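Architecture at a glance
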Amino acid sequence: MQLFFNPNIDETTESFSFDKEESRHIIKVLRKKDADILHVTNGSGLLFETQITLASDNKCIVEVLNITNAEKPKFHLHLAVAPTKMNDRFEWFLEKATEIGIQEITPIFCDRSERKVINRDRFEKIILSAMKQCNETFLPKLNEAISFKEFIKQKQNGLQLIAHCEETDKKSLKEVLKPNEDVTILIGPEGDFSEKEIALALENNYKPVTLGNTRLRTETAAVVACHSVVFFNE
């Protein structure tokens, strides 16, 4: 199934049109024609089975035949991750986390971060592409990038965890997880969180955890954390 995206449709929608760029792709590239079936999601769990009523490369119009509502996950997984020095590594994390089933991502700038600027538009396109590629109907939320200190001030629902490499008393991730519980996990930069950041997190009710016995790259640690939580809740 090839999946298309339109964030402006809901249960009340009977017909709608694609923008010029998407219409051209559908008609000229994919060679779709009148009466062909297209599957569309709004990124909020709804899957629309639609039929083309006007196969125009300027304005492709479809009518809704059927709507399926996917079951919402019983837990909310939020990863706050320091952007990597090499953009392609963070983009790889975004793609894989979306495929696995993450709900929310916040890029955070830390004391030891080597990258202080991100291209949010590009990141959003990567997440959207990954969602469509794996036929998911929930689009993960990508928040604005903020500093570690700003993020810590925000109250998160459920379990709050920080994964770091310091030799301190830490529990494994699987020891602290509970079924269907919301969880926020902090993943630091290549040089790890600073001691001050770890202390600040603990002061704000974050629990320290380990993701295993090996030292992981930032993007690997983020994917491992994401998969562990999703797999635990299956």
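As the structure is a computational prediction, the values presented were derived from the model and not from experiment. (Residues numbered from 1 in each chain as written. Predicted model: local features only at pLDDT ≥ 70, side-chain atom pairs only at ≥ 80, totals over all residues. Heavy atoms only, no water.)

Observations regarding the packing of helix α2 (residues 87–100) against helix α3 (residues 120–133)
The test is simple: Whenever a helix is involved, its axis is fitted only over the stretch in contact; in every case the axis is a line through C-alpha atoms, and angles between N-to-C directions fall within 0 to 180 degrees. Secondary structure elements are defined from DSSP: runs of H or I of at least 4 residues count as helices, runs of E of at least 2 residues count as strands, and each element is numbered from the N terminus. By definition, turning the near helix anticlockwise from the far helix through less than a right angle yields a left-handed crossing, and turning it clockwise yields a right-handed one. For this analysis, residues touch if any pair of their heavy atoms sits within 4.5 Å. Charged means Asp, Glu, Lys or Arg here, nonpolar means Ala, Val, Leu, Ile, Met, Phe, Trp, Tyr, Cys or Pro, and polar covers whatever is left, Gly included.
The contact between α2 and α3 brings their axes to 8 Å, and the two run at 35°. Crossing angle aside, the handedness with which α2 passes α3 is right-handed. Residues Asn87, Phe90, Glu91, Leu94, Glu95 and Thr98 of α2 touch α3, and the partners they reach there are Arg122, Phe123, Ile126, Ile127, Ala130 and Met131. Here the residues of the contact of α2 with α3 are counted per class, giving seven nonpolar, two polar and three charged.

Quick notes on the packing of aromatic side chains
Here is the rule: The pairing test for Phe, Tyr and Trp rings, Trp by its six-membered ring, is centres within 6.5 Å, and the orientation test on the planes gives stacked under 30 degrees, edge-to-face over 60, and tilted for anything in between. Each residue is placed in one exposure class: buried if its accessible area under a 1.4 Å probe, protein chains only, is under 20% of its type's maximum, exposed if it is over 50%, and partly exposed if it falls in between.
Counting across every chain of the model gives five aromatic pairs. Seen in terms of ring centroids, Phe90 and Phe93 are 5.3 Å apart; in terms of plane orientation they differ by 65°. Their pairing is edge-to-face. Residue Phe90 and its partner Phe93 are located together in helix α2, separated by three residues, close to a single helical turn. We classify Phe93 as buried; its relative accessible area is 0%. Both rings, one in Phe90 and one in Phe123, keep their centres 5.2 Å apart while their planes meet at 35°; by these two values the pair is tilted. Placement of the pair is Phe90 in helix α2 and Phe123 in helix α3, with a sequence separation of 33 residues. Neither residue differs from the other here; Phe90 and Phe123 are each classed as buried. Through a chain of ring-to-ring contacts, three or more aromatic side chains come together here, namely Phe4, Phe16 and Phe18.

Some points on the UniProt feature "domain: Ribosomal RNA small subunit methyltransferase E PUA-like" (unreviewed entry) in the chain
Let me state the cut-off plainly: UniProt positions are given in the numbering used here, feature names are shortened, and annotations may be inferred rather than shown by experiment.
Here, UniProt's "domain: Ribosomal RNA small subunit methyltransferase E PUA-like" (unreviewed entry) annotation points to residues 18–65. Here residues 18–65 runs as 21% helix and 40% strand, with 16 Å between its end C-alpha atoms.

Description of unusual backbone geometry
Residues other than glycine seldom take positive phi values, yet Asn180 does so here, at roughly 60°. When you line up the elements, Asn180 lands in the loop between α5 (173–176) and β12 (183–187). Even without being a glycine, Asp192 presents a positive backbone phi close to 70°. With respect to the helices and strands, Asp192 occurs in the loop between β12 and α6 (195–203).

Some words on the side chain of Ser23
How we decide: Polar contacts here mean pairs of N or O atoms no more than 3.5 Å apart (in protein, one a potential hydrogen donor and the other a potential acceptor; neighbouring residues in sequence count only if both atoms are side-chain atoms).
Tracing the chain through its elements places Ser23 in helix α1 (residues 20–29). One polar contact links the side chain of Ser23 to the main-chain carbonyl oxygen of Phe18, over a distance of 3.1 Å. With residues up to four places along the chain from it excluded, the contact list for Ser23 reads Phe18, Ser56, Asp57, Asn58, Lys59 and Cys60.

Observations regarding the pattern of salt bridges
When charged atoms on two side chains of opposite charge get close, those side chains can pair. Here is the rule: The term salt bridge refers to a side-chain nitrogen of Lys or Arg lying within 4 Å of a carboxyl oxygen of Asp or Glu.
Evaluated as defined, the whole model comprises nine salt bridges. Across the pair Asp57 and Lys28 runs a salt bridge whose closest N-O atoms are separated by 3.8 Å. Of this pair, Asp57 sits in the loop between β4 (46–54) and β5 (61–69) while Lys28 sits in helix α1; the two residues are 29 residues apart in sequence, bridging distant segments of the chain. Looking at Asp57, the relative accessible area reads 21%, which means it is partly exposed. Where Glu144 meets Arg120, a salt bridge forms, and the shortest distance between an N and an O atom there is 2.5 Å. Separated by 24 residues along the polypeptide, Glu144 in the loop between β8 (141–142) and β9 (146–147) and Arg120 in helix α3 bring together distant segments of the chain. Among the ionic contacts, a cluster of salt bridges with common partners joins Glu95, Lys96 and Glu99.

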